[in-house]
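Structural overview
The lines below spell out each chain.
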Amino acid sequence: IFRRQFWRASKGEKDIFWWDFLFYFLFGIVITFSTKHAGVLVVFSILVAPAALASRFFNSSKKKLAGRLALAWIVGTLGLTIAFIFSYNFDLPSGAAIVCTLTVLFFLALLIRPQQRAKD
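In this report, we go over the structure that sits alongside the text. (Residues numbered from 1 in each chain as written. Predicted model: local features only at pLDDT ≥ 70, side-chain atom pairs only at ≥ 80, totals over all residues. Heavy atoms only, no water.)

Inspection of every chain in the model, using the stated rule, returns 1 salt bridge. A salt bridge links Arg8 to Glu13, with the shortest nitrogen-to-oxygen separation between them at 2.8 Å. Its relative accessible area of 35% is what places Arg8 among the partly exposed residues. (Salt bridge = Lys/Arg side-chain N within 4 Å of Asp/Glu carboxyl O. Buried < 20%, exposed > 50% of the residue type's maximum accessible area, 1.4 Å probe, protein only.)

Following this line, the structure appears as structure tokens:
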């Protein structure tokens, strides 16, 4: 509902303080409840690994945002699916399987596409 306002806040526009506050307030609530049920490592692996992997393949231009977002969603969904399959078939803990799978996918991305150095 408030996507445009939250997007403006994330770009650092002025006079958008309350939207910024609302976003981080809601984010804090969601993180608090999800870490209570899944654990800190699992929650932050799901949040960070797909986004970090996608940022390896797309620069931060506005045109590339949709591609980065789509790749992060695909990687997250694929990683969670693989983790649950391994967890079920090999009787592994789901949380550990999620963290390990997303970490392996991220490091595979490092091998596929090393970080580009910034040109001065």
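Next, the rest of the story.
The next point concerns the nonpolar core. Listed in full, the 11 residues of the largest apolar core are Val42, Ala49, Leu53, Val75, Ala83, Ala97, Ile98, Val99, Leu102, Leu105 and Ala109. At the level of secondary structure, the elements contributing two or more residues to this core comprise helix H3 (40–57), helix H4 (65–90) and helix H5 (94–112). In terms of residue count, H5 provides more of this core than any other element does, 6 residues in total. Residues within four places of Ala109 in sequence aside, it is in contact with Leu53 and Phe57. (Core = buried A, V, L, I, M, F, W, Y, C linked by side-chain atoms within 4.5 Å. Helix = DSSP H or I, 4+ residues; strand = E, 2+ residues; numbered from the N terminus. Contact = heavy atoms within 4.5 Å.)

On the surface, Phe17, Trp18, Phe21, Phe25, Leu26, Ile29 and Phe33 cluster together into a nonpolar patch covering about 790 Å² of accessible area. Judged by its relative accessible area of 63%, Trp18 falls in the exposed class. (Patch = residues over 30% accessible without salt bridge, like charges linked within 9 Å, V, L, I, M, F, W, Y side chains within 5 Å. Areas by Shrake-Rupley, 256 points an atom, 1.4 Å probe, with all protein chains shown as cover.)

This part covers the environment of Val75. Within the secondary structure, Val75 is located in helix H4. In this structure, the C-alpha to C-alpha distance between Val75 and Leu110, residues 35 residues apart in sequence, is 14 Å. Apart from residues no more than four positions distant in its own chain, Val75 is found in contact with Pro50, Leu53, Leu102 and Leu105.

Across the interface, H3 lies against H4 with an axial gap of 8 Å and an inter-helix angle of 130°. The angle between H3 and H4 places the two elements in the oblique class. Seen from above, H3 lies across H4 with right-handed handedness. Contact residues: Ile46, Pro50, Ala51, Leu53, Ala54, Ser55 and Phe57 in H3; Arg68, Leu71, Ala72, Val75, Gly76 and Leu80 in H4. (Axes fitted to C-alpha atoms, helices over the stretch in contact; angles between N-to-C directions. Parallel < 35°, antiparallel > 145°, perpendicular 65-115°, else oblique. Left-handed = near helix turned anticlockwise from the far one by under 90°.)

Among the structural elements, Ser45 can be located in helix H3. In this structure Ser45 comes out as buried when scored by relative accessible area, which is 11%. Once residues lying within four places of it in the same chain are set aside, the contact partners of Ser45 are Pro50, Val99 and Leu102.

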